[in-house]
Amino acid sequence: MLLGINPLVTPELMLCLMEMGHGDELVLADANFPSYSTAATSVSGRVVSMTGLNMPQVVELITELMPLDAFTDFCALQMQVDNAPRQINPVHEATNAVIRAAMPGDAALESIERQDFYARAAKAFAVVQTSEERPFGCYILRKGVVF
């Protein structure tokens, strides 16, 4: 245990976040996402398991420690619902509220089509596997700069 660190933050998650640099992208996967096959092509090759936690909980843990990027077109990407790119599901509503609370000034939260999400995820730094069961509850967060 460490002072000031939420006890739900695992050592593996802490190491992953500390190894990331500015602009690196982190996939936050729901329970249905192909985490291990995607992580096999990621920069670190790592899956960080956050068993028992849903997407908003994991996003809150991460954004308490990692700044989101304000120097690019987006700081976070949300997976779109198939054939309904503007649809916002309950998982999106809850998670987006957490992301917006953590976003720096000019940062943006965007959405991305599911197959494009998979392609981008394959090039990310690592994959964080949550227990989120709601469909399309996947995100990519881009690490910002600590000032």
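Scroll up to find the structure this text is about.
Residues numbered from 1 in each chain as written. Predicted model: local features only at pLDDT ≥ 70, side-chain atom pairs only at ≥ 80, totals over all residues. Heavy atoms only, no water.

## Here's the deal with the overall build of the protein
Helix and strand content of the protein: five helices and six strands. Here the C-alpha radius of gyration of the protein, 14 Å, is about what a compact globule of 147 residues would show, namely 15 Å. Overall, the protein is about 45 × 35 × 25 Å in size when its C-alpha atoms are taken along their principal axes. A total of 147 residues make up the protein; the buried ones form 48% of that total. Only carbon and sulfur atoms are counted for the fraction: they give 54% of the accessible area of the protein, which is about 7300 Å². Side-chain charges of the protein comprise 9 positive and 17 negative groups, with the mean position of each set lying 4 Å from the other. (Helix = DSSP H or I, 4+ residues; strand = E, 2+ residues; numbered from the N terminus. Rg over C-alpha atoms; globule rule 2.2 N^0.38 Å. Buried < 20%, exposed > 50% of the residue type's maximum accessible area, 1.4 Å probe, protein only. Areas by Shrake-Rupley, 256 points an atom, 1.4 Å probe, with all protein chains shown as cover. Lys, Arg positive; Asp, Glu negative; His and termini not counted. Charge placed at Lys NZ, Arg CZ, Asp CG, Glu CD.)

## Observations concerning the pattern of salt bridges
Using the criterion set out here, one finds six salt bridges in the structure. Residue E25 pairs with R120 through a salt bridge whose shortest N-O separation is 2.9 Å. Highlighted residues: E25 in strand 1 (residues 25-29) and R120 in helix 5 (residues 114-121), separated in sequence by 95 residues. A relative accessible area of 11% means that E25 is categorised as buried. Where D73 meets R142, a salt bridge forms, and the shortest distance between an N and an O atom there is 3.6 Å. Here R142 lies in strand 6 (residues 139-142) and D73 lies in the loop between helix 3 (55-63) and strand 3 (76-79), a separation of 69 residues in the sequence. A relative accessible area of 53% means that D73 is categorised as exposed. In the salt-bridge network here, residues are joined through shared partners; they are E25, D73, R120 and R142. (Salt bridge = Lys/Arg side-chain N within 4 Å of Asp/Glu carboxyl O.)

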